[in-house]
Amino acid sequence: MLKKEIAYIRKQFKLDHEKLHIYDILNVYIMKDSSEIYHFERQPFELLDREKQELYMGNFKKLLLGELDQKLFELRLHEEAEAPTRVMLHQGLVTGDAEEWHDLMMLLVEKMLADTTYEKDTVVTFVRGQYYQPTQARNDEAEESENNEMFSNPFILCSVNSTEQPRKTLQFDYVEREFKYNVIVDPIIKLSTPEQGFFYPSVTDGYSDVNRILYCSGRANEPNAHFIEEVLNAETTVTALEERSIFEEIVKEVSEDQLDASMIASVYEEIHQVIETHEEEEPPKLDYKDVERMLTVSGVENVTPEKVERAFESIVDNKNYEFKASSVIPKFNSKSIKITTKVATISVSPQDLKYIKQVNYQGRKSILIEVDEDVIIEGFTLSTEEL
């Protein structure tokens, strides 16, 4: 699933959008600690108050917001489980019976409750509907509207939201002209900050892929492994943060941890170049041959294909492992790298690392930063000291 495909789907979630129809919504309220279903309610989405519809639309858009492999993960569904979720979801996708869809989603809630205790009261929301997508690229010069050539994609979306108790407030009553202590006991459902959820089915090459699902995590690089494996019966995933850590370990082992800032900057520039020049829709990946080439070009000494292969086998136990290029590089054009010392924290972009060096000055390690202009601190221009 590509970033642009997720963005297209997310853009449809607004009221009165001609390319989106939501048929039914099911809400299930789960009690904390006991993890029991306290209440559930299903109804046609169009019968909700418009204000409620807007709140839910905001929740769904928030759920689908984030970077791939950080908050959004495309996962393959397995069928080896005793009651495979893929079968439930597919049946729920194709059935035209709202009662059957309701029963299937409740079975999925039962899987959520097995071996899980929720710390807060939780609401699980399911919706079913369909969105429309052009069958081909739009031709702005054509007289026909793009709506004349559309195909529909049925979907099921699930959002898991925790609740919180309302704050105690002091109010002023204009009529009685007195201050009142306001007590509200009804919990607030945190629709603006979903804990997790999913969108089914995923999309491959513009078409629905019923064998894959888009899992959505509420926190970056913190997917819920239990939910993925036991509830969705999906493959485990590697986050972008974990993949970057693996890549760094391999680079350290091959270089024998003898890297200066200019070498690191050069490696990042090589990866950025791969991303920028990649012409296929699928995100570019890096194998051990790419890593060997990048380290060699960046000036790392004694790099050989065999040495890189051994590093791959040692750290990921697979010399043919491929990294997603976008996962192993910090944001290239922003100050995404933090250099932290006990006296200061410096933020730089990957492309500007080449202007930083660690030097030995008067017997002590120091950071040397090359600048083109005078340094001004709190309005004071620093004098230049000759080394």
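Remember, it's a predicted structure, so these values are computed and weren't measured experimentally. Throughout, a residue's number is its position along its own chain's written sequence, starting from 1. Given that this is a predicted model, residues contribute local features only at a pLDDT of at least 70 and side-chain atom pairs are listed and counted only at 80 or more, while totals for whole chains, interfaces and linings are drawn from all residues. No hydrogens and no water enter the side-chain calculation; it runs on all heavy atoms of the structure.

It is not clear to me how the pattern of salt bridges should be interpreted in this structure. Could you clarify?
It is possible for side chains of opposite charge to pair when their charged atoms get near one another. Salt bridges are counted wherever a side-chain nitrogen of Lys or Arg sits within 4 Å of a carboxyl oxygen of Asp or Glu. Here the structure, examined in full by the defined rule, presents 15 salt bridges. A salt bridge links aspartate 24 to arginine 128; its shortest N-O distance comes to 2.9 Å. With aspartate 24 in strand β1 (residues 20-30) and arginine 128 in strand β4 (residues 122-134), this residue pair connects regions lying 104 residues apart in the sequence. The class of aspartate 24 is buried, set by a relative accessible area of 7%. Across the pair glutamate 309 and lysine 319 runs a salt bridge, and its minimum N-O distance is 3.4 Å. In this pair, glutamate 309 sits in helix α9 (residues 305-315) while lysine 319 sits in the loop between α9 and β14 (323-324), placing the two residues 10 residues apart along the sequence. Segments assigned H or I by DSSP are reported as helices when at least four residues long, segments assigned E as strands when at least two residues long, and all are numbered from the N terminus. For every residue, the accessible area obtained with a 1.4 Å probe (protein chains only) is divided by the maximum for its type, and the residue is called buried under 20%, exposed over 50%, and partly exposed between those limits.

Help me understand a negative patch on the surface, please; the structure alone is not making it clear to me.
Each patch is built from salt-bridge-free residues with over 30% relative accessible area, joining like charges within 9 Å and nonpolar side chains (Val, Leu, Ile, Met, Phe, Trp, Tyr) within 5 Å. Accessible surface area values rest on a Shrake-Rupley calculation with a 1.4 Å probe, where residue burial reflects the displayed protein chains alone. The charge count treats Lys and Arg as positive and Asp and Glu as negative. His and the chain ends do not count. To locate a charge, take atom NZ for lysine, CZ for arginine, CG for aspartate or CD for glutamate. Negative charge collects at one region of the surface, where Asp205, Glu279, Glu280 and Glu282 lie side by side. Within the secondary structure layout, glutamate 279 lies in the loop between α7 (261-277) and β13 (285-286).

Help me understand the packing of aromatic side chains in this model?
Only centres within 6.5 Å qualify two rings of Phe, Tyr or Trp (six-membered ring in Trp) as a pair; their planes then separate them into stacked at under 30 degrees, edge-to-face at over 60, and tilted for everything else. In this structure the tally under the stated criterion is 16 aromatic pairs. Relative to tyrosine 207, the ring of phenylalanine 151 has its centre 5.7 Å away and its plane inclined at 10°; by these criteria the two rings are stacked. Taken together, the residues span a long stretch of sequence, with phenylalanine 151 in strand β5 (residues 150-164) and tyrosine 207 in strand β11 (residues 207-209) at a distance of 56 residues. With centroids separated by 6.0 Å and ring planes inclined at 40°, the aromatic side chains of tyrosine 215 and phenylalanine 227 adopt a geometry described as tilted. Of the two residues, tyrosine 215 is situated in strand β12 (residues 212-217) and phenylalanine 227 in helix α5 (residues 225-231); the sequence distance between them amounts to 12 residues. With relative accessibility at 1%, the residue tyrosine 215 sits in the buried group. When its relative accessible area of 4% is taken as the criterion, phenylalanine 227 is described as buried.

How should I be thinking about the side chain of arginine 128 in this particular structure?
Exposure remark for arginine 128: the relative accessible area of 12% places this residue in the buried category. For arginine 128, the side chain forms a polar contact with the side chain of aspartate 24, separated by 2.9 Å. Filtering out sequence-adjacent residues up to four positions away, arginine 128 remains in contact with Ile22, Tyr23, Asp24, Thr95, Gly96, Asp97, Ala98, Trp101, Phe155 and Ile156. Think of a polar contact as two N or O atoms within 3.5 Å of one another; within protein, one of them needs to be a possible hydrogen donor and the other a possible acceptor, and neighboring residues in sequence only count if both atoms come from side chains. Contacts are assigned to residue pairs with any non-hydrogen atoms lying within 4.5 Å of each other.

What am I meant to see in α9 here?
Because an α-helix packs 3.6 residues into every turn, residues spaced three or four apart end up facing the same way. Taken residue by residue, α9 has Lys307, Val308, Glu309, Ala311 and Phe312 as its buried positions. Buried residues belonging to α9 abut α6 (240-255), α8 (288-297) and β14. Immediately downstream of α9, the backbone of aspartate 317 shows phi near 60°, a positive value.

Any chance you could explain the environment of histidine 278 here in plain terms?
Mapped onto the elements of the fold, histidine 278 is located in the loop between α7 and β13. Not counting the four nearest positions on each side in its chain, histidine 278 is found in contact with Pro283 and Pro284. Separated by 2.7 Å, the side chain of histidine 278 and the backbone oxygen of glutamate 282 make a polar contact.

What am I meant to see in the nonpolar core here?
In summary, soluble globular proteins display a tendency toward joint burial of nonpolar side chains. Grouped together as the largest cluster of nonpolar side chains are 32 residues, with contacts concentrated most on Met112, Phe126 and Phe198. For this core, the element with the highest residue contribution is helix α4 (residues 98-113), accounting for 8 residues. Counting residues in hydrophobic clusters, the runner-up holds 31 residues, among them Tyr268, Leu286, Phe332 and Ile337. Throughout this description, the term nonpolar core refers to a set of buried Ala, Val, Leu, Ile, Met, Phe, Trp, Tyr and Cys residues connected via side-chain atoms within 4.5 Å.

How do you make sense of α7 when you look at a structure like this?
The length a helix should cover is 1.5 Å for every residue beyond the first. Over its 17 residues, α7 runs 24 Å from end to end, which matches the ideal 24 Å to within 8%, given 1.5 Å per residue. Those residues of α7 that sit buried are Ala261, Met263, Ala265, Ser266, Val267, Tyr268, Glu270, Ile271 and His272. Elements that come into contact with the buried residues of α7 comprise α6, β13, α8, β15 (337-340) and β17 (356-361).

How should the domain arrangement of the protein chain be read in this particular structure?
Accessible area lost upon the coming together of the parts serves often as the stated size of an interface. In terms of domains, the protein chain is made up of domain 1 (3-237), domain 2 (241-328) and domain 3 (337-381). Boundaries of every domain are those given by an automatic assignment or by a domain database. Placing the centre of domain 1 and that of domain 3 at their C-alpha centroids yields a distance of 46 Å.

I would appreciate a short explanation of the pairing of β12 in the present structure.
In summary, the side chains of a regular strand alternate between the two faces of the sheet. Most of β12 sits out of view: 5 of its 6 residues are buried. By this definition, two strands are paired if DSSP reports at least two bridges between them. Pairing geometry for strand β3 (residues 72-76) and β12, over 5 bridges, is antiparallel. Note that in β12 the partner of leucine 75 across the bridge is isoleucine 213. Both strand β9 (residues 196-200) and β12 contribute to a ladder of 4 bridges, which runs antiparallel. Paired with phenylalanine 198 across the strands is tyrosine 215, a residue of β12.

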